[in-house]
Amino acid sequence: MRDMPDETRTDPAAATAKARQGRAGRAVTRAVADWIALRRRGLRAGELGYLPVTLVLAAVWIIFQCLNSAFLSPRNLSNLGVDIVGTGLIAVGVVFVLLLGELDLSVGSISGLAAAVFAVLNVNNGVPEWLALIAAVLTGTVAGTVQGYSVARTRVPAFVVTLAGLLTWNGLMLAILGTSGTVNLDENGLIAHLTSYYFTNAGVAYGVAALATALVFLASYLNRRRRRAVGMPHRPLHTIGVRTGAVAVIAFGSAYLLNQFQGLPLALLIFLAVVAGLDIVLRRTSYGRQVYALGSSVEAARRASLSVTGVQTAVLAVSGTLAAAGGLFLASRITSVSQNSGSGVLLLNAVAAAVIGGTSLFGGRGTTWCAVLGILVIQSIASGMALTDTPTAAQLVITGGVLFAAVVIDSLSRHTQQAHGRA
């Protein structure tokens, strides 16, 4: 008789694959458990991170999706991605100033001034767009530098200096625009294309998602290797893998949704590149460490021989530059510049975005990504209100309530950190 096949015999290849799956599953489980334990320790110590704003953003999206199914449609999310850029760039500059424990009230006026400089140079005087664009951005840099140097040398609070700047730059904008009042931009020009151009090739969005995921993994891995080489605590590889996987899901999911409409917006790509680049500046450079140190304690920074004047001047210059860039994106969205540019709730939204996103009003805590999350909350509320035909008054009330809650959470978090000796 022929031997019957052994049903219980295990295929070596299948056993190896099953073992690998088991190890991968255990690694993911350990990474999630480590993250939960880390979050619990952080919450007990008052280190909330991005958790509050993430929960608020999720709640806003769920509520408006229930009220109108078009809220999370590819079209609306794509428009939302473009709408956040102008104010978002200004909010990133505000984050830099808040890290010092100061406040810049002039960003709205600087954004309007920069837009007016561009419009008058290009439309009224025929200066090439690229040259007028550079002049407009440099206008913001100069305005911010003047304010920063004034704050550093006179030691007058930035709140007061930039309040004077708000009036000065707004008056200068009105003088530049003159009696014409409104200047229409070329709808086919360089500035107009900043918010109207889309990469319709699906491969571009997926390529950017893949690049972002790879850079996140590479940065985490190199940081782990450096810390391990000097005997400092470092993240396990499985934790890095899970974190990278989460980034990949968000990046590729966003790319998929954007490709369902018109593709990746140029404005959103520029915005995220600027935010990521400035995040590296804050986290990985000596300048960034000086900003955090100065925000934690000015007197300690002076005793450590840090250039307080230089850092304060540079931070206000960054704020002015980003305000100018944001003003150009806002002008691009409506292809015009008027005497109302930079006014209204722009300043309030920029400051609110930075604070709602998690930047501390007390200085020394926050990142550029705080501005992204904060402006997403504010603009999501505005978008949802528009879809549901809710009055603007309700939008202001809701945004104000979210801002108040963020300030209260920031204050409670700081008190908890002080109690644990972390602030």
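Only a predicted model underlies this, so the values are computations on that prediction, with no experimental measurement involved.

(A) Main features of helix H9 (residues 237-259). The first and last C-alpha atoms of H9 sit 32 Å apart over 23 residues, in line with the 33 Å expected at 1.5 Å per residue. Among the residues making up H9, those that are buried are His 238, Thr 239, Ile 240, Thr 244, Ala 248, Ala 251, Ala 255, Leu 258 and Asn 259.

(B) Quick look at a nonpolar patch on the surface. A cluster of nonpolar residues, Trp 130, Leu 131, Ile 134, Leu 138 and Leu 190, forms a patch on the protein surface that exposes about 480 Å² of accessible area. The element best represented in the nonpolar patch is helix H5 (residues 129-154), accounting for four residues. For Trp 130, the location among the structural elements is in helix H5. Assessed through its relative accessible area of 54%, Trp 130 is described here as exposed.

(C) Spatial organisation of a positive patch on the surface. Judged by side-chain charge, Arg 225, Arg 226, Arg 235, Arg 243 and Arg 284 come together as a positively charged surface patch. Tracing the backbone through its elements, the reader meets Arg 235 in the loop between helix H8 (202-229) and H9.

(D) Region of the structure containing the packing of helix H3 (residues 74-99) against helix H13 (residues 308-334). Contact geometry for H3 and H13: axes closest at 7 Å, N-to-C directions at 165°. Considering the angle they form, H3 stands roughly antiparallel to H13. Where H3 crosses over H13, the two elements pack in a sense that is left-handed. Tallied by class, residues from the contact of H3 with H13 come to 16 nonpolar, six polar and two charged.

(E) Geometry of unusual backbone geometry. Located in the positive-phi region is Arg 155, a residue other than glycine, with phi close to 60°. Summarising the element assignment, Arg 155 is placed in the loop between H5 and helix H6 (158-177). Arg 155 gets classed as exposed once you look at its relative accessible area, which sits at 61%. Phi is positive for Thr 335, which is not a glycine, with a value near 50°. Of note, Thr 335 is situated in the loop between H13 and strand E4 (336-337).

(F) Spatial organisation of the environment of Ala 214. Position of Ala 214 among the secondary structure elements: in helix H8. For Ala 214, a relative accessible area of 43% corresponds to the partly exposed category. Residues Ala 214 and Thr 244, 30 residues apart in the sequence, show an inter-C-alpha distance of 8.1 Å.

(G) Molecular detail of the environment of Pro 236. Of note, Pro 236 is situated in the loop between H8 and H9. Residue classification places Pro 236 among the partly exposed positions, given a relative accessible area of 31%. Taking the C-alpha atoms as reference points, Pro 236 and Arg 224, 12 residues apart in sequence, are found 8.0 Å from one another.

(H) Fine view of the confidence of the model for the protein. On average, the protein scores 86 in pLDDT, and the residues at 70 or more come to 86%. Element-level mean pLDDT values for the protein span from 59 in helix H1 (residues 12-44) up to 96 in strand E3 (residues 264-265).

(I) Representation of the packing of aromatic side chains in the model. A full pass over the atoms with the stated rule returns five aromatic pairs. When the ring of Tyr 198 is compared with that of Phe 261, the centres are 6.4 Å apart and the planes differ by 85°; the resulting orientation is edge-to-face. Of this pair, Tyr 198 sits in strand E2 (residues 198-199) while Phe 261 sits in the loop between H9 and E3, and the two are 63 residues apart along the sequence. A residue is classified by how much of its surface remains accessible, and Tyr 198, at 11% relative accessible area, is buried. Residues Phe 217 and Tyr 221 carry aromatic rings whose centres are separated by 6.1 Å and whose planes lie at 15° to one another, so their mutual orientation is stacked. Of the two residues, Phe 217 and Tyr 221 are both situated in helix H8; the distance of four residues between them amounts to about one turn of the helix.

(J) Representation of the packing of helix H10 (residues 266-284) against helix H11 (residues 286-296) in the model. Following both chains from N to C, one finds H10 and H11 inclined at 70°, their axes separated by 5 Å at the closest point. As the angle between them shows, H10 and H11 are arranged roughly perpendicular. Contacts between H10 and H11 pair Val 281, Leu 282, Arg 283 and Arg 284 from the former with Ser 286, Tyr 287, Gly 288, Arg 289, Val 291 and Tyr 292 from the latter. Among the residues forming the contact of H10 with H11, the class breakdown is five nonpolar, two polar and three charged.

(K) Focus on the pattern of salt bridges. With the rule as written, the count across this model stands at two salt bridges. Between Arg 333 and Asp 83 there is a salt bridge; the shortest N-O distance is 2.8 Å. Placement of the pair is Arg 333 in helix H13 and Asp 83 in helix H3, with a sequence separation of 250 residues. Arg 333 gets classed as partly exposed once you look at its relative accessible area, which sits at 36%. A residue is classified by how much of its surface remains accessible, and Asp 83, at 28% relative accessible area, is partly exposed. Where Arg 283 meets Asp 279, a salt bridge forms, and the shortest distance between an N and an O atom there is 2.8 Å. Residue Arg 283 and its partner Asp 279 are located together in helix H10, separated by four residues, close to a single helical turn. On the basis of relative accessible area, Arg 283 is assigned to the partly exposed category, the value being 42%.

Conventions we followed
- Residues numbered from 1 in each chain as written.
- Predicted model: local features only at pLDDT ≥ 70, side-chain atom pairs only at ≥ 80, totals over all residues.
- Heavy atoms only, no water.
- Helix = DSSP H or I, 4+ residues; strand = E, 2+ residues; numbered from the N terminus.
- Expected span 1.5 Å × (residues − 1).
- Buried < 20%, exposed > 50% of the residue type's maximum accessible area, 1.4 Å probe, protein only.
- Patch = residues over 30% accessible without salt bridge, like charges linked within 9 Å, V, L, I, M, F, W, Y side chains within 5 Å.
- Areas by Shrake-Rupley, 256 points an atom, 1.4 Å probe, with all protein chains shown as cover.
- Salt bridge = Lys/Arg side-chain N within 4 Å of Asp/Glu carboxyl O.
- Lys, Arg positive; Asp, Glu negative; His and termini not counted.
- Charge placed at Lys NZ, Arg CZ, Asp CG, Glu CD.
- Axes fitted to C-alpha atoms, helices over the stretch in contact; angles between N-to-C directions.
- Parallel < 35°, antiparallel > 145°, perpendicular 65-115°, else oblique.
- Left-handed = near helix turned anticlockwise from the far one by under 90°.
- Nonpolar A, V, L, I, M, F, W, Y, C, P; charged D, E, K, R; others polar.
- pLDDT = per-residue confidence, 0-100.
- Phe/Tyr/Trp six-rings, centres within 6.5 Å; stacked < 30°, edge-to-face > 60°.
- Contact = heavy atoms within 4.5 Å.

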